[in-house]
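# Fold and geometry: a report
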Protein chains: 4
Amino acid sequence: MDKKENCGLFGIFGDDEAVEKTFFSLHSLQHRGQESAGIASSDGNTIACHVGMGHANRVFRGGRNVLSMLKNPIAIGHVRYSTAGSRNLINAQPLLTEYSMGQVAVAHNGNLINAPLLRDEYEAYGHIFKSTNDTEIIVHLLAKPTHVAKTDPLAHLLNHLQGAYCLLFLFPDRIEAARDPYGIRPLCIGKTKAGAYCVASETCAFDTIEAEYIRDVEPGELVTLDKKGLSSRKFANTKNISGAHCIFEHVYFAKQSSRVFEENVHEIRKRFGAQIAREHPVEADVVTPVPDSGTSAAIGYSQESGIPFDMGFIRSHYVGRTFISPQQDARDLAVKLKLAVVKEVVQGKRVVVVDDSIVRGTTTKGKIKALRQAGAKEIHMRVSCPPVRFPCFYGVDFPTKEELLASDKDMKQIKKFLDVDSIGYISLEGMLSCASKPKECYCTACWTGNYPIPVKTVVNKFTMERYHMPLFDDEPIQL
Amino acid sequence: MDKKENCGLFGIFGDDEAVEKTFFSLHSLQHRGQESAGIASSDGNTIACHVGMGHANRVFRGGRNVLSMLKNPIAIGHVRYSTAGSRNLINAQPLLTEYSMGQVAVAHNGNLINAPLLRDEYEAYGHIFKSTNDTEIIVHLLAKPTHVAKTDPLAHLLNHLQGAYCLLFLFPDRIEAARDPYGIRPLCIGKTKAGAYCVASETCAFDTIEAEYIRDVEPGELVTLDKKGLSSRKFANTKNISGAHCIFEHVYFAKQSSRVFEENVHEIRKRFGAQIAREHPVEADVVTPVPDSGTSAAIGYSQESGIPFDMGFIRSHYVGRTFISPQQDARDLAVKLKLAVVKEVVQGKRVVVVDDSIVRGTTTKGKIKALRQAGAKEIHMRVSCPPVRFPCFYGVDFPTKEELLASDKDMKQIKKFLDVDSIGYISLEGMLSCASKPKECYCTACWTGNYPIPVKTVVNKFTMERYHMPLFDDEPIQL
Amino acid sequence: MDKKENCGLFGIFGDDEAVEKTFFSLHSLQHRGQESAGIASSDGNTIACHVGMGHANRVFRGGRNVLSMLKNPIAIGHVRYSTAGSRNLINAQPLLTEYSMGQVAVAHNGNLINAPLLRDEYEAYGHIFKSTNDTEIIVHLLAKPTHVAKTDPLAHLLNHLQGAYCLLFLFPDRIEAARDPYGIRPLCIGKTKAGAYCVASETCAFDTIEAEYIRDVEPGELVTLDKKGLSSRKFANTKNISGAHCIFEHVYFAKQSSRVFEENVHEIRKRFGAQIAREHPVEADVVTPVPDSGTSAAIGYSQESGIPFDMGFIRSHYVGRTFISPQQDARDLAVKLKLAVVKEVVQGKRVVVVDDSIVRGTTTKGKIKALRQAGAKEIHMRVSCPPVRFPCFYGVDFPTKEELLASDKDMKQIKKFLDVDSIGYISLEGMLSCASKPKECYCTACWTGNYPIPVKTVVNKFTMERYHMPLFDDEPIQL
Amino acid sequence: MDKKENCGLFGIFGDDEAVEKTFFSLHSLQHRGQESAGIASSDGNTIACHVGMGHANRVFRGGRNVLSMLKNPIAIGHVRYSTAGSRNLINAQPLLTEYSMGQVAVAHNGNLINAPLLRDEYEAYGHIFKSTNDTEIIVHLLAKPTHVAKTDPLAHLLNHLQGAYCLLFLFPDRIEAARDPYGIRPLCIGKTKAGAYCVASETCAFDTIEAEYIRDVEPGELVTLDKKGLSSRKFANTKNISGAHCIFEHVYFAKQSSRVFEENVHEIRKRFGAQIAREHPVEADVVTPVPDSGTSAAIGYSQESGIPFDMGFIRSHYVGRTFISPQQDARDLAVKLKLAVVKEVVQGKRVVVVDDSIVRGTTTKGKIKALRQAGAKEIHMRVSCPPVRFPCFYGVDFPTKEELLASDKDMKQIKKFLDVDSIGYISLEGMLSCASKPKECYCTACWTGNYPIPVKTVVNKFTMERYHMPLFDDEPIQL
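Cut-offs used in this document
- Numbers given for residues are sequential positions, taken from 1 along each chain in its written order.
- Here every chain gets a letter starting at A, and every ligand a number starting at 1, in the order they are written.
- Residue-level local features of this predicted model are given only where pLDDT is at least 70; pairs of side-chain atoms are given and counted only at 80 or more, and the full residue set underlies all totals for whole chains, interfaces and linings.
- Counting from the N terminus, the helices are DSSP H or I runs at least four residues long and the strands are E runs at least two residues long.
- Three classes are used. A residue is buried when 20 or more other C-beta atoms lie within 10 Å of its own, exposed when 12 or fewer do, and partly exposed in between, with C-beta atoms placed from the backbone.
- Distance between backbone-placed C-beta atoms decides contact: two residues are in contact if it is within 7 Å.
- In this comparison the copies share one frame, found by least squares on the C-alpha atoms of residues holding pLDDT of at least 70 in both.
- An automatic or database domain assignment supplies the residue ranges for each domain.
- Following the grouping adopted for this structure description, the nonpolar residues are Ala, Val, Leu, Ile, Met, Phe, Trp, Tyr, Cys and Pro, the charged ones are Asp, Glu, Lys and Arg, and the polar ones are all others, Gly among them.
- DSSP calls a pair of strands paired once it identifies at least 2 bridges connecting them.
- Structural elements are reduced to axes, namely lines fitted to C-alpha atoms, with helices fitted over the stretch in contact, and the angle between N-to-C directions of any two is expressed from 0 to 180 degrees.
- pLDDT is defined as a per-residue confidence score from the predictor, taking values between 0 and 100.
- Here is the rule for angles: anything less than 35 degrees is roughly parallel, anything more than 145 is roughly antiparallel, 65 through 115 is roughly perpendicular, and the remaining ranges are oblique.
- Should the near helix be turned counterclockwise from the far one by less than a right angle, the crossing is left-handed, whereas a clockwise turn marks it as right-handed.
- By convention a crossover is right-handed if, when the strands point away from the viewer, the path from the first strand over the helix to the second runs clockwise.

## Quick look at the overall build of chain A
- The helix and strand tally for chain A stands at 18 helices and 23 strands.
- Within chain A, the proportion of its 479 residues that are buried is 59%.
- For chain A, contacts bridging at least 24 residues in sequence account for 73% of all contacts bridging at least 6.

Structure (structure tokens):
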């Protein structure tokens, strides 16, 4: 089972160009997942689905032809995050299946803690599994006769799920959109000019199709998009839950132009930057971001500190994430291919470098080295989130604890490892003070180890191995 | 649900080159299916699987690389028949799944009459379906807890299946091979020089890997290939079943070099030809086959009649079956691209043309026209099977009754339609007299309408439509 | 320089479907070359051209789209023979260039003996070369100002060429077709029902597009297809030349349905077979061809000898020539994948095996071995051409002298090498007696070493190396 | 003939990883051309070459395999600019040919004014042309016997060329690099740590392979890289030539991290921005660039004006230039897919938008519209180059005069067309004052119409048409 999935979702009901709009929306959500893309769509009676490996553009590149084989006016789409080694068409979504009530297609963003348990249970009851992702177990839950018999089968089944999830269910005649009671992953509601409702992981999808952002799907809410428009019900009592928004969405995942958890990503990142400037001031000549993830915070740092902002790094438009095989000794080259240093900006200067986060530290080290080679006099590293020290069980693909730079190093050791003149992480308190919601509303597990949803480590080694059914892709993935 | 499937199976246990041998065997069985190919293999502990659209050569063409990702020494393979419009990676086999007892991969040749009923029943019990083929329901049956609990779960589940089937089950530590109680499709057992047992749809697969044919899997027999060698048990009482071998395997499907139903295909086809010569003698100058399917019978006709055998048609090696889109007006061109007439063989001659069967009659008509254009003086059509008048429910992909040439035409009308000087089909009695087994052992439903396994027409329109879930291929199929 | 090229040509003038007809004709000529395919076409003013690696079907597979980018009503096409290691898009034809008189596209079948000399000469005059084939030098000759100034530049340049050639020149407003004074390679003229003239390497191309064969282009003739219809002139005095038709076209290259050198290929091959039967009679039970190249001769042998004809080998439709890498130790497998033995035909029998030729002898040896394994009691090898002992300089791709089986072995040694009970090659006299033209009309160099056009071995090692400019294909070739 | 080519060049002599370094350098020069990529390399004796359509990454993606078929230690590489409609493998470079002195591979960046004249002349002398680019004529000049006979053939031929050019010649034993006497396009010299000399269009290529920038190739200089190291000679007297560096390299083409014409691109762009701020001050709340081309100038504008810099647009990493077909009505969508507006940055604000240039104005209009939709209160457009009013004959691919926004519109009309509150272009004087060289050293033709090299409009309509030989690609280009 892929324990770590951050993906992108989109759905729209009642638009004659539903499929095309879904395609363009997936494109705008592409930063949330490049492994695979898919669209399931319905004409009100039957669902058609197409999924493939790679960018939305590649999957639907024959373009008009494939898109035209799909149906309007109802569609959902999915882009999937790529984790090395698990690229597999069988895990692409939406997942279209048939059960006793007919067809359903499901798209999922998040990570279920109890998926292995549920899977074992369902296998015990005679069910079979073809894929290694959480989504399949959700459909098994949906198809369970005792669930089908409930007044609100969907609401019922959602209560069986533990973990982080935003879910889109496409039935032939409607879309149902659900968000877990903790609201870990984002999901928001929009409306096109013509009045069609849509849902998306981030509001940037709405901007692309000129839809208007209405509001977020609330934690524990189940929203229906059908002929009658939009209707809503709560499937979980969230009174005693303060919420656990993944603040890493603000730090890294979401697009700067998006509204996520009810505030703009770029703006909160600028506040992060300003906060670090207050927490870790330094005398310097220039503030440069590691583009693009550090750009917003660097602007904030510059504005707060008064140190001029400049572009010490130029990012290449021609490198995919998988351009270089991840051998440790190729990392320096990978950095160079992705980021070019503008010598004139840093040579002989005291440079503040702002990045969103440091995970393993190896690529950061490469960037620092490149600045040194370009003649930077002093390098002051500033990071817009606290040191990552704990694994995430709700969908962020951090490496193992051993690989996390900050898991066993203090600031002095990190400073030495990175070869910087000073290191400054934003404090947890400082970071949370930048957000517009009360600090209790955010999940801080990766920094504190306090998991909002209890995590029993159910995944034993045998289970993990069993899930690795090596079904290869039909076609090799292009860089 | 694809009602019509004629496919090819191969399995081998205990060979260090199991995967490679399976690949070569699939190649030799390629005539049984060109839509997709797949291999599932095991190292004794875990199953790995790769499937793809198109010829085995295309699917595994990266060749050594993909093959080397699979495992030895246990493997099964499958080639799938292509029916227009249903090309779909999701239907490719072997189908690898997980259930309560671990992994299993299944490969299937045949057609289950009760698949829709079983599917409806299982959906009612909360099961979900991803594909539209019979194989998936078989795995659901296997995974059913009450079945799992039986002394011999496999034998138990097989008794739930109605119709034609040869099945290979690959478990991590063994292969199980089953053949339906009527023995409708062929399945035979071989042994390599080094002593590894193998099973295949036709013996030609054994020739390729220099294995020796041992015997057929018997109707109602379940054969196990594991570390202890080969063991066998009966899962069905076949005492009162005379057998229902699909004689169309002899007429058309099987390779001439194969032994099928315990006799050689080429030899029986020659006897068919001789029998037509006795039933429908004619004064003529030359006997020419429609290559390659009519070649064996034409030799038989020539030898019996004394009329010289010659090649009036030359078959192109460069045309796939799907070369030309099946528009009626392109058929003449399609015939010309596939078959070239040797004018000198037929010009001014009285020509006996021998083909294996006439289904729709349209391509036959095109061939006759080509002979006329080349100057044939008389054309006498001879067909080595009786007129096809009824649909097959056991796996042969005949068109609908309305499209069958002989369904509503008498010999005079057929003669006129084809524009031949005489027409002669082998008689049913004559055909059966050529076979080495008693005539009760063969299924003759497509000629007589007598179905050996009762066919309730369970497939209602709603069901059929539901099954057409248009999940497209990731990649367009090449010609 | 590829010294060995046997290719296929087609051209048509004044047909609204000229491009499509060229495509279908290339398909029917595909047996003459599978390395690359191309079409150049004109609307009367401008020439458009598309070439690619592989079968015509692959090159133009997008099909209608690519074809529709080409122009009507004038087109020429080319299929190129594949010699291992020289697959190169830059050598694909037709070759479209511009020179002082505008555009010209050239397609070539044959081999120029003096190409290296001409190339060296032209380079000395400041010309540059991009490809390694003969065709480019022909265009340089065409563009030479002193040639352009001649009354009939084409006729003039053709007199500079030594060797075997059939050439199609497409100018924007006409096609010119030439055949060398010895008539080594075939080229014939046809006419569609609507009256459009066409030219092709073999008449089988005409059959496909329902054109009628008119006559051969004569040795030393230059034929013009333009708005005025067909006109002809001689560019060489052929009075004292008896002709040197490559009889290997009859033996192996040409399609059985074609008329080549004014007689049908299948018929002459049958006569070859009958002649061997007379020269090398044997008591036997069955005559089997090595399909497909030996089929015609085997029929002739059977008819003459009275020994029954049967199919001891079945040829697979799914093997390309390049299926298996040419490692010596993989040849047995290659034989098995391509040819399946019908045991029942040969088991316990005295078998006459007829093939068209034996070159290296290695694959023949594999076939014999397969027959032995299938239980043949006696094997009598019969070959429908004399032992190949000398290289061809006119376009046939024989291996080096050292590799030719018969170059240094007598019949006894060959019999031993192949492990046959008897070996019988047709005699040269016998072979020539089967042809309809006087024996002086055929080239017999590969058997006798008597080269009709004097061969100065101009190609020194340096030259050869220089020609091997390893420009790789854009795309790997598919099997 | 493609009149407009801006390409990227790289060459290296004497490095065991010459091919690999060339590949990485092409990657860093990818912004100079995405149509095709190629590498020619030599082992000192023979040249091997591989070219293909698309990014370097695609062309060499099989990666190690293709690269390993090339040779070390000498290599040159080329990336080619894509102009719509002329994508054609036959135009890809380096162009490898043979002439009397052996092999040579040529890579070219620039545009020859007299290419059509030379081509006509050479055709008159009997030469043939296969491609439609300038590079081929250069090789004809090189191969001319009277040129070959000169003491310094290369120097001699370069004097025949008129226009803009940087050229790399790869001979089996050396690289020769030339730059036109006006120095229109950039070309610089570097040296690896191990001492191998290299040349590149921009210094960013050196950064990637950790080579050090030495100096520019001077206008009129011919530099030789061979076993003896680096040597130089002048092929043209440049005493009376002040130089004509294309300042558009600074404005748009070159990478910000590069040194071009002896100064850093990012720094000069910042000075451009500061200069506009002085020339066109405005009261505003925020300065936002159109990323990435306007980013440097926007930083300069912000720093000079004191108005805060912020990112009003976010650029997508997943859109190629050709993502959307260039239909006018799809432009708004294209803008949205490429650039996302951060509403919070511009809403209710007075926004200064800085871009590098405005050519047609249509995409700029789309960007302005997007800002308006996001709620910008005022929009002040600032452009870091003067209005483009004249075509470029030296390699920049501007549209026709009619399509240039500024060709027939005054500032008021442009302001209205773009729907901005104010418009401010940098003045020519102001722009030139930012450059470090005297203003006479730069070409300003596209703004002033003063062409440093006399342009006779030699290309008549007939010529242009002739050059459009539509030879299609072997494979369709992927997005």
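Resuming the write-up.
## Looking at the relation of the copies chain D and chain A
- Superposing chain D onto chain A takes a rotation of 180° combined with a translation of 0.0 Å along the rotation axis, leaving an RMSD of 0.0 Å. Taken together, the rotation and translation describe the operation of a two-fold axis. Among all C-alpha atoms of chain D, that of His 317 of chain D lies closest to the rotation axis, at 3.2 Å.
- When the interface residues of chain D are mapped onto chain A, 100% of them are again interface residues, pointing to one common binding face.

## So, the interface of chain D and chain A
- Taken together, the 37 residues of chain D in the interface contact 37 residues of chain A.
- Counting residues per element, the ones that place at least two in the side of chain D that touches chain A are helix H1 (18-28), helix H8 (204-208), helix H10 (265-279), helix H11 (295-305), helix H12 (331-338), strand E19 (339-341) and helix H13 (343-346) of chain D.

## A few points about the domain arrangement of chain A
Residue and element names in this part refer to chain A.
- Partitioning chain A into structural domains gives domain 1 (8-244) and domain 2 (259-317 + 326-444).
- Relative to domain 2, the C-alpha centre of domain 1 lies at a distance of 33 Å.
- Every contact between the two is made by 18 residues of domain 1 and, on the other side, 13 residues of domain 2.
- Elements supplying a minimum of two residues to the side of domain 1 that touches domain 2: strand E6 (102-112), strand E7 (163-171) and strand E11 (211-216).
- Broken down by class, the residue content of the side of domain 1 that touches domain 2 amounts to 8 nonpolar, 7 polar and 3 charged.

## A short note on the sheet that holds strand E6 (residues 102-112) of chain D
Residues and elements named next belong to chain D.
- Here 6 strands make up an open sheet; going across it, the order is E5-E6-E7-E8-E12-E13 and the pairing antiparallel. Of all strands in the sheet, those with a lone pairing partner are strand E5 (95-99) and strand E13 (229-234), marking the two edges. Recorded for the sheet is a direction-independent mean angle of 20° between the axes of neighbouring strands.
- In this sheet, E13 lies alongside strand E12 (residues 221-226) in antiparallel orientation, the contact comprising 6 bridges. Bridge pairing links Glu 221 to Lys 234 in E13.
- Contacts from helix H5 (residues 134-143) reach E5, E6 and strand E7 (163-171) within the one sheet, and its direction differs from that of E6 by about 130°.

## A few points about the confidence of the model for chain A
Residue and element names in this part refer to chain A.
- With 89% of its residues at a pLDDT of 70 or more, chain A has an overall mean of 87.
- Low confidence marks residues 321-328, where pLDDT is under 50. Its contacts with residues over four positions away, or in another chain, come to 12 contacts.
- Residue range residues 457-479 is modelled with pLDDT below 50. Its contacts to residues more than four positions away, or to other chains, number 43 contacts.
- In the model output, the complex is listed with pTM 0.87 alongside ipTM 0.90.

## Some points on the pairing of strand E8 (residues 174-179) of chain D
Residue and element names in this part refer to chain D.
- Most of E8 is tucked away, with 5 of its 6 residues classed as buried.
- Alignment of E7 against E8, held across 6 bridges, turns out to be antiparallel. When the bridges of E8 are listed, Leu 168 appears paired with Ala 177.
- Counting the residues between successive antiparallel strands, the hairpin from E7 to E8 contains 2 residues.
- Across 4 bridges, the pairing between E8 and E12 is antiparallel.

## A closer look at the packing of helix H10 (residues 265-279) of chain C against helix H11 (residues 295-305) of chain C
All names here are of chain C.
- In the contact formed by H10 and H11, the axes pass within 6 Å of each other and the chain directions differ by 45°. By the angle between their axes, H10 is oblique relative to H11. Handedness of the crossing formed by H10 with H11: right-handed. Here H10 contributes His 266, Arg 269, Lys 270, Arg 271, Phe 272, Gly 273, Ala 274, Ile 276, Ala 277 and Arg 278 to the contact with H11, which in turn contributes Ser 296, Ala 297, Ala 298, Ile 299, Gly 300, Tyr 301, Gln 303, Glu 304 and Ser 305.
- Tallied by class, residues from the contact of H10 with H11 come to 8 nonpolar, 6 polar and 5 charged.

## Notes on the sheet that holds E11 of chain A
All names here are of chain A.
- In space, the 7 strands of this open sheet follow the order E3-E2-E4-E1-E10-E9-E11, with antiparallel pairing throughout. With partners counted over all chains shown, the strands left at the sheet margins are strand E3 (47-53) and E11, one partner each. Direction aside, the axes of adjacent strands within the sheet are offset by 15° on average.
- Here strand E2 (residues 36-42) runs beside strand E4 (residues 74-80); their pairing, made up of 7 bridges, is antiparallel. Across the sheet, the residue bridging to Ser 36 is Arg 80, located in E4.
- Packed onto the sheet, helix H1 (residues 18-28) meets strand E1 (8-13), E2, E4 and strand E10 (197-200) and runs at close to 20° relative to E4.

## Points about the environment of Glu 429 of chain B
All names here are of chain B.
- Mapped onto the secondary structure, Glu 429 falls in helix H16 (residues 428-434).
- Overall, Glu 429 belongs to the exposed group, with 11 C-beta atoms counted inside 10 Å.
- Separated by 10 residues in the primary sequence, Glu 429 and Lys 439 have C-alpha atoms spaced 8.4 Å apart.

## Side note on the pairing of strand E21 (residues 378-383) of chain A
Residue and element names in this part refer to chain A.
- Where burial is concerned, most of E21 is hidden: 5 out of the 6 residues are buried.
- The sheet contact formed by strand E20 (residues 350-355) and E21 spans 6 bridges and is parallel. By the bridge assignment, Val 352 is partnered in E21 with His 380.
- Each parallel crossover has a hand, and for E20 linked through helix H14 (residues 362-373) to E21 it is right-handed.
- Handedness of the crossover is the feature at issue here: the chain leaves E21, passes through helix H15 (residues 411-418), returns alongside strand E22 (residues 422-425), and the resulting connection is right-handed.

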